[in-house]
Structures are given as structure tokens and as C-alpha cells.
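What follows is each chain in one-letter form.
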Amino acid sequence: MANDQQVADDQELDSLDALVSLCKRRGYIFQSSEIYGGLNGFWDYGPLGVELKNNVFDFWWDAVVRQREDVVGYDASIIMHPKVWEASGHLGNFYDMMVDCTECKRRYRTDHLMRDLGISELPKECPNCGGELSEPREFGLMFETFVGATKDSQSVAYLRPETAQAIFVNFRNVQMSTRMKVPFGIAQRGKAFRNEVTPRNFTFRSREFEQMEMEFFVHESEERQWFDYWREARMQWYLGLGIREERLRFREHDADELAHYARYTTDVEYQFPFGWQELEGICNRGSFDLSMHNKHSGKDQAYFDEARQEKYVPSVVEISAGLDRTVLTVLVDAFAVEQINGEERTVLRLAPHIAPRQVAVFPLSKKLGEQARKLADELQRRFNVLYDEQGSIGKRYRREDEVGTPFCVTFDFNSLDDGRATVRDRDTMEQERVALDALAEYLADKLAPR
Ligand code: GAP
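Note that the coordinates shown come from a computational prediction; the quantities given were computed from them, not determined experimentally. (Residues numbered from 1 in each chain as written. Predicted model: local features only at pLDDT ≥ 70, side-chain atom pairs only at ≥ 80, totals over all residues. Heavy atoms only, no water.)

Let us now look at the overall build of the chain. Per the secondary structure count, the chain includes 14 helices and 24 strands. For the chain, the C-alpha atoms occupy an extent of roughly 75 × 65 × 50 Å along the three principal directions. Taking the intrachain contacts of the chain between residues at least 6 apart in sequence as the baseline, contacts between residues at least 24 apart amount to 66%. Carbon and sulfur atoms provide 46% of the accessible area of the chain, an area that totals close to 21,600 Å². (Helix = DSSP H or I, 4+ residues; strand = E, 2+ residues; numbered from the N terminus. Contact = heavy atoms within 4.5 Å. Areas by Shrake-Rupley, 256 points an atom, 1.4 Å probe, with all protein chains shown as cover.)

Listed below in C-alpha cells is the structure:
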């Protein structure tokens, strides 16, 4: 039976403002260095944000590494030998073209400007103020730093713009130490840095972000087969996160937008309030990266395939997702404001298995605090639990709805006699009496990925 009646007018996001405000108010995401005015393109995760981010990452690691025999994990340093970026082509090719308005000083990425205006040639006038636009210029995306005591051209190093290169340069180490046989993959999560021209849309385009990447090494003849396999597997993963199917799609890259290393690429896109945007790239990188490192390091990157009795440099099918972007996506997809009996309810309908707080335990009255606290402590051993005795039950429900807690458990006076508590479901708002000794199993079942 629904506790609150008459759910009407489910309102969703038409901009990110309400979500940004909720994230700050409830401790999901804050602007970095906020007390100093913030730093454009940098964000911090609060107590709930870090749990959500870890849950999304665990779901990825489980699907891509732990549940498979043909993928192993890796965790590389962020700063690598600068020659890595020479060999990978990033030093020569990793830049965006930008233009500035000579009047209002707005800066635009040329590809985004043309896409947003739906035109194929660069305009001469600023769409904001009509002022003259500058000639297009290259804007290098790599952050530089210095390693060691001196600061000169000899000590320049780079913050990695993708995690993938560490996997390529360690391909032989991993393959030989694990005796993995092609086809197999190496996966890692890690920070990446890009000095984006126009960081925007909350965490969507940041200057510091995390990637979840897996490089799958295959024989050249099997590139397409594995590309198709991973394309489908990745879409299923996003559906498993609870994201609405109608808001997800594939988009093939046109030849003129392919990265310098790519043979072909398909993006998984999501329909954000600001339009369809990339969540992940699935890319056939061919043997570009291993061949370039072979050439630049002088170290043989070829692999001897015993089954084929053939020595070759493997091709790579890459899956490359943004962890922050995925977190933003699940938040956007989950956010809703409902009218219930004339009152507003804000709810985050996060899939239960990724919800940062899984269960909230309430005593109906503070007089039941001792028993309810004991129940919360028991559940805490298995779940992420909040104990809350402040305010009316209705207010406590609303607070948990807003942060996406899937289940609230209320210990009331009847619980003392019948050994049961009321479990309230965030989405249906239905309530069920569940025996206290069966509660942990009941919740575990409800919180498991579907
Ligand atoms: N190794 C391939 C690679 O890095 P990419 O398309 O440039 O490919 C992969 O990036 C994913 O990383 C993107 O689909 C996106 O989810 C995430 N990403 C890239 N730039 C980002 C940024 N500035 N802010 C947040 N996430 C970003």
C-alpha cells in the first residue's frame, strides 16, 4: 500500500541548477577551493559523493575485471617519462582549436561552436555579442610540471591526459608476469588531466577527472569481432547502472573527428539537459600505440602467439569511460521532483546497488532509541547505514529520498511485541513489516544489482 497518495507531475531536470544545489546541500559534490572563489574545472566529492563514486567504480571493476578470466588490473603512476607522450602522439596532436571574441572576450572551442550553431564553417562573428572572432589558435591540453630540483626544458614532465598509455608501455611486463594470452585486457582507474578550453556543465567537462579504461589486446583479424563485443557489453553495463534506456544511444565517429590513434570509434551517449553527450568511447586503436612505443623506446613490443605460431604487435580495442561523467549521469537520470498530496518531494532514484547510503534506521520515538540503535549497528556490519532520530518520520523520509537512500527502516512500539520493523521503499513509498531476524537478508536481496 502506498503511504503517500497521489503522485503527480513528475518533474525532471531542464538544467543542472537544481542538481548542483542538491549536491552541495547534501554533500555529494562541492566546488574545489570554494572559500577562495573556486577553481574553474575542478571539483571535490563530499561524504556521499565519494561513496557513490566508489560504488560506480566497483560495479565497473566487477564487470570488466573480477568477473572475467581474460582481463587483469593495473594501477600506474600519473607522471610518466615525457617520451611516452612524444611516442603516443599527444605532444604533437593533443590540442583543441579555439577562437576568442575581440569584444566580449568569450572563448569558444571551434568544434563545439560549429556543433552548437549547427553549421560546418567557422563563423566570423561572436554568437553572444556579434563582435569579431579571432583567427583560430591551437590550445594545448597537456598540463606541464617539473621533476627534480631544476625547472628547465630538461625537467619538464606532464600530467597524463589519459590513463591508457601506462597500460601500453607496460603491456610486456603484464603479459609476461601473468602469462596471459592474446586476446586479453588490462584495466585501470585513475586520474587524468586536461587543460580544457571551456570546462562546463558541472563535472561533465573538468580539468581533473577520473577515467576507467581497459585496453583489450587482440590479433588484427579479430579487431571487429571484439569491438562489436565490447560495444554491446558496455551498453549493457550502463543499463545495469539503472540508467534509462531511452536516454542512451550509440554514435559512430565521423572520419574527421577521429583521434589521431583511432581506426574507428563509437561513443556511448546520454541525453543530458544540455543535449546528447559522450559518456564513453569504444575505439579500435589498431597497433598504433604499441608500434609507436616499439619505435621510440627501441624495445620489442611484439608478442609470440603460440596457438597461431605467429609473432605480431597486437591490435587494441579500447573501452574508455569517465568515472566523474558516469557519476553525473546517474545523478541526472535519478533526479526527480514529485508533487504528492500538494507537497513537493525531491527524490534521487539511484539504483539501490550504487546508492551511497543504503539503509536509514529510525526509532518512531526517541524512547525506542536504544533498540533502534542496536538494529542500526547490526545492519551497519553489512550495509552503509544512517541512524536518525531527529524530526518527524515524514521529514526523515524526505531527507533520505533527497539523497537517494533506497530503504528506511522504522522501529516502532509494535516492534517490541511482534519483532518486526517497517521497511519503506523510496520509489514506491510502500511499507512492509519485516521480521527483525530476516531483515538483513531481505535488504541484501533488494540491494543486489539486477
Ligand atoms: N584513452 C582514450 C580517451 O582518453 P577520450 O574520449 O578523450 O578518450 C574518454 O576520453 C572518456 O573520458 C570520455 O568519454 C569521458 O567520459 C571522459 N573525459 C574525457 N575528457 C573529460 C573531461 N574533460 N572531464 C570529464 N571527463 C572526461
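Continuing now.
Locating Glu338 in the fold gives a position in strand β18 (residues 335-340). A distance of 2.2 Å separates a polar atom in the side chain of Glu338 from a polar atom in the side chain of Arg349. (Polar contact = N/O pair within 3.5 Å; in protein donor to acceptor, adjacent residues only side chain to side chain.)

With that settled, consider the domain arrangement of the chain. Interface size is commonly expressed as the accessible surface area that is lost when the partners come together. Taken as a whole, the chain is organised into domain 1 (29-83 + 164-331) and domain 2 (357-447). Of note, the centres of domain 1 and domain 2, computed from C-alpha atoms alone, are 38 Å apart. (Domains from an automatic or database assignment.)

For strand β13 (residues 264-272), a buried count of seven out of nine residues is recorded, marking the element as mostly surrounded by other parts of the structure. Two successive antiparallel strands, β13 and strand β14 (residues 275-286), enclose a turn made up of two residues. (Buried < 20%, exposed > 50% of the residue type's maximum accessible area, 1.4 Å probe, protein only. Pairing = 2+ DSSP bridges.)

A separate point is the sheet that holds strand β17 (residues 315-322). What the seven strands build is an open sheet, ordered β4-β10-β11-β17-β14-β13-β12; its pairing is mixed. Looking at strand neighbours, the two that pair on one side only are β4 (71-73) and β12 (248-252), the edges of this open sheet. Looking at each pair of strands side by side, their axes are set apart by 25° on average, direction ignored. Of the pairings in the sheet, the one linking β13 to β14 comprises nine bridges and is antiparallel in character. Paired with Phe272 across the strands is Gly275, a residue of β14. Packing against the sheet, helix α2 (residues 47-66) makes contact with β4, β10 (184-193), β11 (208-218) and β17, and its axis sits at approximately 160° to β10. (Axes fitted to C-alpha atoms, helices over the stretch in contact; angles between N-to-C directions.)

Okay, the site of the ligand next. The ligand sits among 21 residues. The nearest are Glu162, Arg194, Glu196, Glu213 and Glu278. The separation between a nitrogen atom of the ligand and a polar side-chain atom of Glu318 is 3.0 Å. The contact in question runs from an oxygen atom of the ligand to an N or O atom on the backbone of Gly322, over 3.0 Å. Within the complex, the protein chains bury 91% of what would otherwise be the 560 Å² of accessible surface of the ligand. Within the residue set of the shell around the ligand, elements represented by two or more residues are β11, β14 and β17. Here the element with the most residues in the shell around the ligand is β14; it accounts for five residues. For the shell around the ligand, the residue count by class is six nonpolar, five polar and ten charged. (Near = heavy atom within 4 Å. Nonpolar A, V, L, I, M, F, W, Y, C, P; charged D, E, K, R; others polar.)

So, on to the nonpolar core. Residues Leu19, Tyr28, Trp60, Met214, Tyr238 and Leu331 are the most contacted members of the largest nonpolar core, which totals 56 residues. With nine residues, the top contributor of residues to this core is α2. Ignoring anything within four residues of it in the chain, the contact list for Tyr238 reads Ile243, Leu248, Val268, Leu279, Glu280, Ala321 and Thr326. Counting residues in hydrophobic clusters, the runner-up holds 20 residues, among them Val359, Val361, Tyr387 and Phe407. (Core = buried A, V, L, I, M, F, W, Y, C linked by side-chain atoms within 4.5 Å.)

Moving on to the packing of α2 against helix α10 (residues 323-334). Between two packed helices, the angle of one axis relative to the other and the distance separating the axes together describe the packing. At a minimum axis separation of 10 Å, α2 and α10 run at an interaxial angle of 110°. Taken together, the axes of α2 and α10 are roughly perpendicular relative to one another. Of the residues in α10, those touching α2 at Leu52, Lys53, Val56 and Phe57 are Leu323, Asp324, Thr326, Val327, Val330 and Leu331. Taken together, the residues of the contact of α2 with α10 break down into seven nonpolar, one polar and two charged. (Parallel < 35°, antiparallel > 145°, perpendicular 65-115°, else oblique.)

Attention now goes to the side chain of Arg345. Take Arg345: it is sitting in strand β19 (residues 343-348). Relative accessible area serves as the criterion here: at 0%, Arg345 is assigned to the buried category. At a separation of 2.9 Å, a polar atom in the side chain of Arg345 contacts the main-chain carbonyl oxygen of Arg426. The contact partners of Arg345, leaving out residues within four places of it in the chain, are Ala336, Val337, Glu338, Ile340, Arg398, Asp401, Arg424, Arg426, Asp427 and Met429.

Our next topic: helix α5 (residues 110-117). Inspection of α5 places Thr110, His112 and Leu113 among the buried residues, and these make up the whole buried set. All buried residues of α5 fall inside an arc of 165° around its axis, so they share one side. Residues of α5 that are buried sit in contact with β5 (95-100) and β6 (107-109). Directly after α5, the chain includes Gly118, whose backbone phi takes a positive value near 65°. (Arc of directions from axis to C-beta.)

Strand order across the open sheet formed by three strands is β6-β5-β7, with antiparallel pairing between neighbours. On the outer flanks of this sheet lie β6 and β7 (137-140), each paired with one strand and no other. Looking at each pair of strands side by side, their axes are set apart by 45° on average, direction ignored. Both β5 and β6 contribute to a ladder of three bridges, which runs antiparallel. Looking at β6, one finds that Met98 is bridged to Arg109.

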